[in-house]
Amino acid sequence: MATKTQTFSDQPAVTGLSNQEILRYSRHLIMPEVGMEGQLKLKNAKVLLIGTGGLGAPLGLYLAAAGVGKLGLVDFDVVDFTNLQRQVTFGTGDVGKPKSEAARARLSSLNPDIEIHSFETQLNSGNALDLFRGFDIIVDGTDNFPTRYLVNDACILLGKPNVYGSIFRFEGQVTLFGMPDGPCYRCLYPEPPPPGLVPSCAEGGVLGVLPGIVGSIQAMETIKLILGSGDSLVGRLLLFDALGMKFRELKLRKNPDCPMCGQNRTIHQLIDYYEFCGVRGEEAPASNVEVPEITPRELKARLDRGDDLYILDVREPHEYQICNLRGHLLPLGELPRRVHELDSSREIVAHCRSGKRSAEAVDFLRKAGFRKIHNLKGGILAWSDEVDPSVPKY
Amino acid sequence: MAVKVIIPTPLRVYAAKNDSADISAQTVGEALGKLTVQFGDLRRHLFTDDGKLRSFVNVYLNDEDIRYMAKEATPVKDGDVVSIVPSIAGGGAASLETARA
């Protein structure tokens, strides 16, 4: 059963719609499942979107269009060209603008009758509770583990529903956490994966339509929650496989030993989520691996001089097709079993897109006995910036 | 007992790009063990060095979480589906590369 959300007592509930609004919401009003009563519930609802990216785009558009009276948009990021493939709130002219503000402008033009607040800030343990207090429902459309645990814990501490969605390449997960007697994110995943075991950047990427589908399901669950109708996803984890075009459903149980929502709760306040997820200090490329480096300019100078260098490209074949430095392609994942293809007597420069994977490759090869080997600092991205801007960045 | 093990997107790269594998086993643990024999690279993603299932990898027998059954000792029957459901965090706002940073 879906639970009805509560409106705040410090603001009088809106009890009517203008003629203009009646026209705008006409297709809701003529449905008995929504009607005037439901539309007023929507108008009195306060929903906070964490992230205005891929999931946040359909969420913001549909919730604003549906007439959710107060929308909050939290994002600290700036729109860039790579966002436009899936973050359909933004247009080409928004590139360079703060996402929360660009999204606010777009949603306001879609529906000027609703209140939209943009928060250009990174959600953290210091501001989450204050931000969440002003809203009834929190929708998690973030892109990283620390923020997901933070959103979960803040929702549990405040007793607010958390409409959860996440995606990876062409697969999505959706459910509803933080409902009375329902499970929380920690019931599903007590711990995040260690950073080193998360599939590497080579497997990153996402099919542009996928966040549209998963975010739309989150929007639907949010609206049902506000209306108090239908069967919600509480206790059910919806899995979506876009390639197989299959939806599956798994049972999600409340863990009686959950440190956050169990009988013997051990977490009573927000913690340091970056530390919890083990990602503190991971910013530097392979910070735990010290390998000899060569800068793009040094490499260019040496190649121009005619030095005999073997360029080893450890990216994936589909990345090689985007752009390459005419190096020898040997994906990082295949390196251990294809190491014999390399000649350790030659001087090798390994590179990837950003320098992370190739640092791992250099570290591996050094341990395998290779001595004359360097990592191209900053990878193809830096090569494009410092040596040859005709090489596209991706 | 013949069961189907469903391999999730993030782990397919370690399983020769297969989305599932048909395995003969008596328990969920045995099915996963055989899966990692078939695909050696999967092992460190599913099990710790001392052979325990990793805490961020959830395993379901049909639609039920094995943590609420007999865990890895949960018996399977013909036609059962074992699903590996790892945590994913993407929101389409950034690549995994930045998500890791």
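Residues numbered from 1 in each chain as written. Chains lettered and ligands numbered in written order. Predicted model: local features only at pLDDT ≥ 70, side-chain atom pairs only at ≥ 80, totals over all residues.

Counting its secondary structure elements, chain B contains 4 helices and 5 strands. Tracing chain B from N to C terminus, the helices and strands come up as β-α-β-α-α-β-β-β-α. What you see for chain B is a C-alpha radius of gyration of 14 Å, in line with the 13 Å of a compact globule of 101 residues. Each principal axis of the C-alpha distribution contributes one length, and for chain B these read about 40 × 30 × 25 Å. Relative to its full complement of 101 residues, chain B shows a buried share of 41%. Counted over contacts in chain B with a minimum sequence separation of 6, partners at least 24 positions apart contribute 52%. (Helix = DSSP H or I, 4+ residues; strand = E, 2+ residues; numbered from the N terminus. Rg over C-alpha atoms; globule rule 2.2 N^0.38 Å. Buried ≥ 20, exposed ≤ 12 C-beta atoms within 10 Å, placed from the backbone. Contact = placed C-beta atoms within 7 Å.)

For chain A, the count of helices and strands is 15 helices and 13 strands. Across its three principal directions, the C-alpha atoms of chain A cover 80 × 50 × 40 Å. Relative to its full complement of 394 residues, chain A shows a buried share of 46%. Taking all contacts inside chain A whose residues are at least 6 apart in sequence as the whole, residues at least 24 apart take part in 68%.

This part takes up the pairing of strand β8 (residues 246-251) of chain A. Within a regular strand, side chains alternate between the sheet's two faces. Residue and element names in this part refer to chain A. The sheet contact formed by strand β7 (residues 236-241) and β8 spans 6 bridges and is antiparallel. Pairing of R236 across the sheet is with K251, part of β8. Taking the residues between adjacent antiparallel strands as the criterion, β7 and β8 are bridged by 4 residues, where M245 takes a positive phi near 45°. (Pairing = 2+ DSSP bridges.)

All right, on to the packing of helix α4 (residues 56-66) of chain A against helix α9 (residues 209-227) of chain A then. When two helices pack together, their arrangement is given by the angle between the helix axes and the distance between those axes. Residues and elements named next belong to chain A. At a minimum axis separation of 7 Å, α4 and α9 run at an interaxial angle of 40°. The two elements α4 and α9 meet at a crossing, and its hand is right-handed. Between α4 and α9, the residues in contact are G56, A57, P58, L59, Y62, L63 and A66 and P211, G212, G215, S216, Q218, A219, T222 and I223, respectively. When its residues are assigned to classes, the contact of α4 with α9 shows 9 nonpolar, 6 polar and no charged. (Axes fitted to C-alpha atoms, helices over the stretch in contact; angles between N-to-C directions. Left-handed = near helix turned anticlockwise from the far one by under 90°. Nonpolar A, V, L, I, M, F, W, Y, C, P; charged D, E, K, R; others polar.)

This brings us to the packing of α4 of chain A against helix α5 (residues 99-110) of chain A. Residues and elements named next belong to chain A. Running from amino to carboxyl end, α4 crosses α5 at an angle of 30°, the nearest separation of the two axes being 9 Å. Relative to α5, α4 is oriented so that their crossing is right-handed. Touching G60, L61, A64 and A65 of α4 are A103, L107 and L110, all from α5. Of the residues contributing to the contact of α4 with α5, the split by class is 6 nonpolar, 1 polar and no charged.

Moving on, we come to the confidence of the model for chain B. Segments scoring low in pLDDT should not have their predicted coordinates read at a detailed level. Residues and elements named next belong to chain B. A residue-level look at chain B finds 90% of positions with pLDDT of 70 or above and a mean pLDDT of 86. Within chain B, strand β2 (residues 20-24) carries the highest mean pLDDT (97), whereas helix α4 (residues 96-100) carries the lowest (32). Segment residues 93-101 is flagged for pLDDT under 50; beyond a separation of four residues in sequence, or across chains, it makes 29 contacts in the model. ipTM for the predicted complex: 0.86, alongside a pTM of 0.84. (pLDDT = per-residue confidence, 0-100.)

Quick look at the sheet that holds β7 of chain A now. All names here are of chain A. Taken together, the 8 strands give an open sheet; going across it, the order is β3-β2-β1-β4-β5-β6-β7-β8, and neighbouring strands pair in mixed fashion. What marks the edges here is a single partner per strand, and that holds for β3 (115-119) and β8. Averaged over all pairs of adjacent strands, the angle between their axes in this sheet comes to 15°, without regard to strand direction. Across 4 bridges, the pairing between strand β1 (residues 46-50) and strand β4 (residues 137-140) is parallel. For L48, the partnering residue across the bridge sits in β4 and is I138. Strands β1, β4, β5 (162-168) and β6 (171-177) of the sheet are contacted by helix α7 (residues 145-158), whose axis makes an angle of about 165° with β4. Each of β1, β4, β5, β6 and β7 touches α9; the most contacted strand, β5, lies at about 170° to it.

One finds V47 and L71 of chain A together with A31 of chain B to be the most contacted residues of the largest nonpolar core, which totals 96 residues. Of the residues forming this core, the biggest block, 8 residues, is contributed by α9 of chain A. For L71 of chain A, the residues in contact, after removing those within four places along its chain, are V47, L49, G60, L63, A64, L107, I114 and I116 of chain A. With 20 residues, the next largest nonpolar core counts V314, L365, L376 and A382 of chain A among its residues. (Core = buried A, V, L, I, M, F, W, Y, C linked by C-beta atoms within 7 Å.)

What follows is about unusual backbone geometry. Residue and element names in this part refer to chain A. One non-glycine residue, D181, lies in positive phi territory at about 70°. Its location among the elements puts D181 in the loop between β6 and α8 (185-188). Positive phi, normally seen in glycine, also occurs at R326, with a value near 55°. Residue R326 is classed as exposed on the basis of its 7 C-beta neighbours within 10 Å.

Residues and elements named next belong to chain A. Sheet architecture is open: 5 strands sit in the order β9-β13-β12-β10-β11, paired in parallel fashion. At either margin of the open sheet sits one strand with a lone partner, and together these are β9 (293-294) and β11 (328-329). Here 2 bridges tie strand β10 (residues 309-313) to β11, and the two strands are oriented parallel to one another. Within β11, the position partnered with L312 by the bridge is H328. With respect to the sheet, helix α14 (residues 356-367) is in contact with β12 (347-351) and β13 (373-376), its orientation differing from that of β13 by roughly 170°.

To continue, consider helix α15 (residues 379-386) of chain A. All names here are of chain A. Along α15, the residues classified as buried are G379, I380, A382 and W383. Taken around the axis of α15, the buried residues stretch over an arc of 160°, which confines them to a single face. For α15, the secondary structure elements touched by its buried residues are α11 (296-304), β12, α14 and β13. (Arc of directions from axis to C-beta.)

Attention now goes to the pairing of strand β3 (residues 57-61) of chain B. All names here are of chain B. Counting buried positions over the 5 residues of β3 gives 4, a clear majority of the element. Where β3 meets strand β4 (residues 64-65), 2 bridges bridge the pair, whose relative direction is antiparallel. Its bridge partner lying in β4, L61 is registered against E64. From the end of β3 to the start of β4, which pair antiparallel, there are 2 residues, and N62 there has a positive phi angle of about 55°.

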